[in-house]
Amino acid sequence: MTKEDDISKKLNKIKEQLIKDGKVIPATYDTMFKIVMSSCPAYVTFLISEFTNIDKDDLVKNIIIQNNELPLSNAKERKKISDFIAKIDKSLINFEMNSEYYDGLLIRNQAYLGKLEGESLNASESFSNMQRFLQVNFNNFTHFKSDKPILEFVYTDKDTLEIETENLKKYHISLPKLEKKYYNGDKLSKLEKALLILKLDKISDLEEISKGDEDLMEAVEKIKEATFDINTIGLYDAEKDRKWKEEAKLAYREKIGVQKGRELGREEGIELGREEGIELGREEGRQEGLQEGQASIITTMLNNGIKPKNIAEMTGVPFEKVKKMGLL
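Rules behind the numbers
- Residues numbered from 1 in each chain as written.
- Predicted model: local features only at pLDDT ≥ 70, side-chain atom pairs only at ≥ 80, totals over all residues.
- Heavy atoms only, no water.
- Core = buried A, V, L, I, M, F, W, Y, C linked by side-chain atoms within 4.5 Å.
- Buried < 20%, exposed > 50% of the residue type's maximum accessible area, 1.4 Å probe, protein only.
- Helix = DSSP H or I, 4+ residues; strand = E, 2+ residues; numbered from the N terminus.
- Contact = heavy atoms within 4.5 Å.
- Phe/Tyr/Trp six-rings, centres within 6.5 Å; stacked < 30°, edge-to-face > 60°.
- Patch = residues over 30% accessible without salt bridge, like charges linked within 9 Å, V, L, I, M, F, W, Y side chains within 5 Å.
- Areas by Shrake-Rupley, 256 points an atom, 1.4 Å probe, with all protein chains shown as cover.
- Salt bridge = Lys/Arg side-chain N within 4 Å of Asp/Glu carboxyl O.
- Lys, Arg positive; Asp, Glu negative; His and termini not counted.
- Charge placed at Lys NZ, Arg CZ, Asp CG, Glu CD.
- Pairing = 2+ DSSP bridges.

Explanation requested: the nonpolar core in the structure shown.
Among the nonpolar cores identified, the biggest contains 54 residues, and Tyr43, Phe95, Phe138 and Ile173 are the most heavily contacted of them. At six residues, helix 3 (residues 41-52) tops the list of elements feeding residues into this core. Each residue touching Phe95, except ones within four places of it in the same chain, is listed here: Phe33, Met37, Leu47, Ile48, Asp83, Phe84, Val136 and Phe138. In this structure, Ile298, Val317, Val322 and Met325 belong to the second largest nonpolar core, which totals eight residues.

See below:
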């Protein structure tokens, strides 16, 4: 059996499991998010209308989907790729799917917004001709303390709270908080349902919240259609592999850091020493061996058909140790 046959077999196995479970690939994955945003004009128009208060009919006539790759400012800068950019008259809108939180995420997104302001305009345009810049962050995590699932941010003075301008805004959407509202049986607005579609993975739930609404059904049908396309599944599987690699590394660093922190804390006999040790250990742990908490992640990878050699390359765990785990 060739390598291509192995890959095809693996992807078809994923497809069969999704069908069996009655699930779809959720749009929190980059692949599906981009498919929805590029293939569902009624759904996207509704979202933009809600966040900008621009009439839907005006949007249909004037909306222009921009290239989602923003150019580099200099040779040393890493490429910045935005998930979705649209231009409507004198407004620029950026949609970002943030599948997980990490230090620097909000700064990165602010940099994207700066790129929108400075580099996505046509050469003939100037800032004076633009009236509004808007970024909507779809967050697949809970970060802000507020119970509200939809938060709107503008620049304000720290003491007086005077708003500098309302034409530069950022929204942060907590998809887990919307999901919690749904499963608690709370009433959802159409906007909340539209946003929740990006999070849910059960076909029955998606069909329930979209029933009778053409804008929402368009997105749900596209997600269902794309889920069972073998090309989409391949991109989805590659994205899962990348996330597993990152999670494995993080689990290793956290475990080693805590262990070293406890050792240092015991030696010094004070809690402060333990906390300093944790931070020191996390840094030193980047270069050290296997930790116990990583076993479950590696087991999951093995169960999903990833070869021990590839797991060793992704996680940094010695090949022989990975191979032994596969024999348990």
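Back to the text.
It is not clear to me how the packing of aromatic side chains should be interpreted in this structure. Could you clarify?
For any two aromatic rings, the description comes down to two numbers: the centre-to-centre distance and the angle of the planes. For the structure on display, the rule yields eight aromatic pairs. On the basis of an interplanar angle of 80° and a centroid distance of 4.9 Å, the ring pair of Tyr29 and Tyr236 is categorised as edge-to-face. Of this pair, Tyr29 sits in the loop between helix 1 (3-21) and helix 2 (30-39) while Tyr236 sits in helix 10 (residues 230-268), and the two are 207 residues apart along the sequence. The exposure class of Tyr29 is buried, given its relative accessible area of 16%.

In this structure, what is going on with a negative patch on the surface? I would like to understand it.
Negative charge collects at one region of the surface, where Asp55, Asp57, Asp58 and Asp89 lie side by side. Among the structural elements, Asp89 can be located in the loop between strand 4 (84-88) and strand 5 (91-98).

Before we go on, may I ask you to explain the pattern of salt bridges in this structure?
In the structure shown here, the tally under the stated rule is 11 salt bridges. Glu152 serves as the salt-bridge partner of Lys169, at 2.8 Å between the closest nitrogen and oxygen. On the criterion of sequence distance, the pair formed by Lys169 in strand 8 (residues 163-174) and Glu152 in strand 7 (residues 150-156) is long-range, its members being 17 residues apart. For Lys224, the salt bridge identified is with Glu221, shortest N-O distance 3.1 Å. Residue Lys224 and its partner Glu221 are both found in helix 9 (residues 214-227); the two are separated by three residues, about one turn of the helix. Within the structure, one salt-bridge network assembled from shared partners comprises Lys56, Lys190, Asp213 and Asp215.

Mind showing me how you'd approach the side chain of Thr28 here?
Note on placement: Thr28 falls in the loop between helix 1 and helix 2. When sequence neighbours within four positions are dropped, the list of residues in contact with Thr28 reads Met97, Ser99, Asn140, Leu175, Leu198 and Lys199.

Which parts of the structure should I look at to understand the pairing of strand 6 (residues 132-139)?
In summary, the side chains of a regular strand alternate between the two faces of the sheet. Burial within strand 6 is extensive, with seven of its eight residues counted as buried. In this structure, strand 5 lies alongside strand 6, joined through eight bridges in parallel fashion. Residue pairing across strands places Phe95 opposite Val136, the latter belonging to strand 6. Sheet topology note: the strand 6/strand 8 ladder contains seven bridges and is parallel. Within strand 8, the position partnered with Gln135 by the bridge is Lys170.

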